[in-house]
Amino acid sequence: MSATQPCSDGGGVSVSGQEAEGDGEPPNELPSPSQDAGAQGSELDSMGPEEEVPPAAKQPRLDSNEMALNLEISKTPACLQDQGHQNHGSSLDLNTDGAHPSDQERIDGGESRAVATGEGGGAEEIEEVEVEWRQNGSGEEAAVAAEDHGNETNGADCSECTPTEQQHLALEFNQNPQMLTGSWAEYTTSPENYLKGCKWAPDGSCVLSNSADNILRVYNLPPELYSNNWDLLTEMTPVLRMAEGDTIYDYCWFPKMSSLDPDTCFIASSSRDNPVHIWDAFYGDLRATFRPYNHLDELTAAHSLCFSPDGCQLYCGFDKMVRIFHTDRPGRDCEERPTTVKKQGQGGIISCMAFSPCQSLYACGSYSRTVGVYSCQDGELLALLPARHQGGITHLLFAPDGHHLYTGARKDHEILCWDLRNPGRVLFSAHRSVNTNQRIYFDLDPTGRYLLSGDTDGMVSVWDTLTAPPDGQEEVLQPHLQFQAHRDCANGMSVHPFMPLLVSSSGQRHFLCPGDHSDSDSGSDSDDDDDNNGVMPPSSAEGAALPRDNALTIWWSGPLASVAEGAGGAEPNQSARDN
């Protein structure tokens, strides 16, 4: 079998867990290059291009020589690639000094996924695109970026880094973001095919979505965005569909993913009654499986997934247990780290995980409403945060400075910001409307300044964390900006790694009348992730039509002059979506 490539600084396979969902309906059969993912405990042989014809939307694999000759794209400097590993040797520091939150900008390389678009345009066109993006910033901004990058790398040799490579457009939230394009027709082929989240690829070239039909879809970033021909934007269609056999619990990108290196384009996913699958994000092939077994030697599904920052390990969350697989050794061999020992520690199903960007530790959230901070070396519990949330933890995220941890829960209206230098201390809370068990994702911009989240009413809120009280007195942080993004629940939110773009997803399960569904126990760890849990919207109880908006949408949140220039001053495709 062809396993994933051994880990190195150059790449390998690329955040949050999914709860179990109530309806066990099989996915609709759609044309897909993926194999049947329902087989349990089987290790599939690797499939090369000669065995299966790749999708027409994707180009054939290119060898390294072809890419070096044809693609004039500035790669992420090596000093930036290695930056994520330099600080992973230290443990949790409770007395580290630092302002809250860090306003230092993280500069990312500007790579394009043009190699995967499968559309015309050679090296000259790609090179011209890159120049246009660089010209949007001034020389002064480039100088500031170079200075910030020098601070980030702590004096490391950055001879390969140039201001041009580091420059990017910053997010602006002085006005509402403008909708550019999206995907809507894709989710109307079956009833109640609502979306359940979306995530940008680490290199920013494409978007991954999850939906109720148990299919992971990959969308390439429209090439018109690179050339500012935004008046030509049309509705997006997926270039890959990867069908799981049952409800998808969690999915994540390989952190070293780069479209310039197809061997690093991987996605991990976990679904009910299935092993963990590794999907090839270039062809949609099932490349490897990781098979976790419980104490009865029965195959068990992971409720959450998260790659280590270097991509060498895959952490999987279970009931009172974290299992760790090595990405270069598929199969059943893994390290087990119980989160509860002699009834002490963190109980419940581990529903989500995240790694600190600058220290050798990770955080686990559970449906028992607790958050634990663990050492990467041996899994030692370093801190157990108190149960401040009203429901089970569904998503957590570290700030870029590594000192602050954001957590959110189901049926809970707060996102809490914890200060890990003083575990148990909440700096502030951000309020959003979460009325169901559905997982509502939130995200931070690359600088850590802006916190963004949708809610069950379709509203997206943006909080400026720099306006939080400096003395650390816990209080409710008021939104810097709010806008109506969807007519239904806005459950997914992801910020592009270096461009002023946002992607959001919407939808939720609707019940036409109270008798059309069975209630479930809201106190159980096995509650359904996207089940409204017997909570009926007022309009449904009265028999009125419910608003449905199952859509994946890309938003522009940069200088509005670029929108006016690229789209004639109007929101592209807004009328098409309304129709």
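A quick note: this is a predicted structure, and the numbers were derived from the prediction, not measured.

Asker: How should I be thinking about the overall build of the chain in this particular structure?
Answerer: The number of helices and strands found in the chain is 10 helices and 31 strands. Counting only carbon and sulfur atoms, one obtains 46% of the accessible surface of the chain, whose full area is about 22,100 Å².

Asker: Help me understand the nonpolar core, please; the structure alone is not making it clear to me.
Answerer: Within the largest apolar cluster, 21 residues are counted, with the highest numbers of intra-cluster contacts made by Leu180, Leu221, Leu501 and Ile554. Elements supplying a minimum of two residues to this core: strand 2 (195-200), helix 7 (224-227), strand 30 (501-506) and strand 31 (552-556). Residues within four places of Leu221 in sequence aside, it is in contact with Trp200, Gly204, Ser205, Cys206, Tyr226, His496, Met499, Leu501 and Ile554. Ranked by size, the runner-up nonpolar core spans 20 residues in total, among them Ala201, Leu216, Met242 and Tyr251.

Asker: Looking at this structure, how should I read the side chain of Asp464?
Answerer: With respect to the secondary-structure elements, Asp464 resides in strand 26 (residues 459-464). Only 3.1 Å separates the side chain of Asp464 from the backbone nitrogen of Leu466, close enough to count as a polar contact.

Asker: How should the side chain of His510 be read in this particular structure?
Answerer: Turning to its location among the elements, His510 is positioned in the loop between strand 30 and helix 8 (538-541). Accessibility expressed as a relative area gives 9% for His510, which makes it buried. A distance of 2.7 Å separates polar atoms of two side chains, one belonging to His510 and the other to Asp488.

Asker: Just to check I follow, could you spell out the pairing of strand 7 (residues 266-271) for this structure?
Answerer: The side chains of a regular strand alternate, residue by residue, between the two faces of the sheet. Burial of strand 7 is extensive: 6 of the 6 residues sit out of reach of the surface. Burial along strand 7 is two-sided: Phe266, Ala268 and Ser270 and Ile267, Ser269 and Ser271, pointing in opposite directions, are all buried. By the bridge criterion, 5 bridges tie strand 6 (residues 248-253) to strand 7 in an arrangement that is antiparallel. Residue pairing for strand 7: Trp253 is matched across the bridge by Ile267. For strand 7 and strand 8 (residues 276-280), the ladder comprises 4 bridges, and the chain directions are antiparallel. Bridge pairing in strand 8 links Ser269 to His277. Hairpin geometry of strand 7 and strand 8 is characterised by an intervening segment of 4 residues between the two adjacent antiparallel strands and by a positive phi of about 60 degrees at Asp273.

Asker: Got a minute to help me understand the sheet that holds strand 12 (residues 321-326) in this structure?
Answerer: Pairing within the open sheet is antiparallel, and its 4 strands lie in the order 10-11-12-13. Looking along the sheet, the strands with just one partner apiece sit at the ends: strand 10 (304-307) and strand 13 (335-338). Taken over all neighbouring pairs, the strand axes of this sheet differ in orientation by 20 degrees on average, direction set aside.

Asker: Can you walk me through the pattern of salt bridges in this structure?
Answerer: Pairing is possible between side chains of opposite charge, provided their charged atoms come close. Taken as a whole and judged by the stated rule, the model has 12 salt bridges. We note a salt bridge from Glu186 to Arg241, for which the minimum N-O separation is 2.8 Å. With Glu186 in the loop between strand 1 (178-183) and strand 2 and Arg241 in strand 5 (residues 240-243), this residue pair connects regions lying 55 residues apart in the sequence. Using a relative accessible area of 13% as the deciding quantity, one classes Glu186 as buried. For Arg323, the salt bridge identified is with Glu336, shortest N-O distance 3.2 Å. Taken together, the positions of Arg323 in strand 12 and Glu336 in strand 13 put the pair 13 residues apart, joining distant regions of the chain. Salt bridges sharing partners connect three or more residues here, namely Glu186, Asp213, Arg217 and Arg241.

Asker: Help me understand the packing of aromatic side chains, please; the structure alone is not making it clear to me.
Answerer: In this description, an aromatic ring pair is defined by two values, namely the gap between the centres and the angle between the planes. With the rule as written, the count across this model stands at 10 aromatic pairs. Arranged with centres 5.5 Å apart and planes meeting at 90 degrees, the rings of Phe254 and Phe307 form a pair that is edge-to-face. Linking Phe254 in the loop between strand 6 and strand 7 with Phe307 in strand 10, this pair joins segments that are 53 residues apart in sequence. Since its relative accessible area comes to 7%, Phe307 is described here as buried. Counting every residue linked through ring pairs, the aromatic cluster contains Tyr315, Phe355, Tyr362 and Tyr374. Over the face of the ring belonging to Tyr293 we find Arg332, whose NZ or CZ atom lies 4.0 Å from the ring centre. In this arrangement the basic side chain of Arg410 is found over the ring face of Tyr367, its NZ or CZ atom lying 4.6 Å from the centre.

Asker: So what exactly am I meant to see when it comes to unusual backbone geometry here?
Answerer: Peptide bonds are mostly trans, and most non-glycine residues show a negative phi. Within the chain, Asp297 stands out as a residue other than glycine whose phi angle is a positive 60 degrees. Relative to the helices and strands, Asp297 resides in the loop between strand 9 (286-290) and strand 10.

Asker: What is the right way to read the sheet that holds strand 6 from this model?
Answerer: Strand pairing within a sheet occurs via backbone hydrogen bonds; the two strands may be parallel or antiparallel. Pairing within the open sheet is antiparallel, and its 4 strands lie in the order 6-7-8-9. For this open sheet the edge positions go to strand 6 and strand 9, each flanked by a neighbour on one side alone. When strand polarity is set aside, the average angle formed by the axes of neighbouring strands in this sheet is 20 degrees.

Asker: Honestly, the environment of Cys352 in this entry has me stumped. Any pointers?
Answerer: Along the chain, the position of Cys352 falls in strand 16 (residues 350-355). Given a relative accessible area of 0%, Cys352 falls into the buried group. Linking Cys352 and Cys316, residues 36 residues apart in sequence, is a C-alpha distance of 9.0 Å.

Asker: What's the story with the confidence of the model for the chain in this structure? I'm lost.
Answerer: Low pLDDT marks stretches whose predicted atomic positions should not be read closely. Per-chain confidence: the chain averages 73 in pLDDT, with 61% of residues scoring 70 or above. Counting contacts from residues 516-545, a segment whose pLDDT is below 50, to residues more than four positions away or on other chains yields 63 contacts.

Asker: What should I look at first to understand the environment of Asp231 in this one?
Answerer: Of note, Asp231 is situated in the loop between helix 7 and strand 5. Distance in space between the C-alpha atoms of Asp231 and Leu180 is 9.3 Å, their sequence separation being 51 residues.

Asker: Help me out: how do you make sense of the environment of Glu298 in this one?
Answerer: When you line up the elements, Glu298 lands in the loop between strand 9 and strand 10. Taking the relative accessible area as the measure of exposure, Glu298 reaches 41% and is therefore partly exposed. Excluding residues within four positions of it along the chain, Glu298 makes contact with Pro292 and Tyr293.

Asker: So what exactly am I meant to see when it comes to the state of the cysteines here?
Answerer: A covalent bond between the sulfur atoms of two cysteines is what we call a disulfide. As enumerated under the stated definition, the model contains 0 disulfides in all. No disulfide involves Cys376; its sulfur sits 9.6 Å from the nearest other cysteine sulfur, which is in Cys306. A residue is classified by how much of its surface remains accessible, and Cys376, at 15% relative accessible area, is buried.

About the thresholds
- Residues numbered from 1 in each chain as written.
- Predicted model: local features only at pLDDT ≥ 70, side-chain atom pairs only at ≥ 80, totals over all residues.
- Heavy atoms only, no water.
- Helix = DSSP H or I, 4+ residues; strand = E, 2+ residues; numbered from the N terminus.
- Areas by Shrake-Rupley, 256 points an atom, 1.4 Å probe, with all protein chains shown as cover.
- Core = buried A, V, L, I, M, F, W, Y, C linked by side-chain atoms within 4.5 Å.
- Buried < 20%, exposed > 50% of the residue type's maximum accessible area, 1.4 Å probe, protein only.
- Contact = heavy atoms within 4.5 Å.
- Polar contact = N/O pair within 3.5 Å; in protein donor to acceptor, adjacent residues only side chain to side chain.
- Pairing = 2+ DSSP bridges.
- Axes fitted to C-alpha atoms, helices over the stretch in contact; angles between N-to-C directions.
- Salt bridge = Lys/Arg side-chain N within 4 Å of Asp/Glu carboxyl O.
- Phe/Tyr/Trp six-rings, centres within 6.5 Å; stacked < 30°, edge-to-face > 60°.
- Lys NZ or Arg CZ within 6 Å of the ring centre and 35° of its normal.
- pLDDT = per-residue confidence, 0-100.
- Disulfide = S-S within 2.5 Å.

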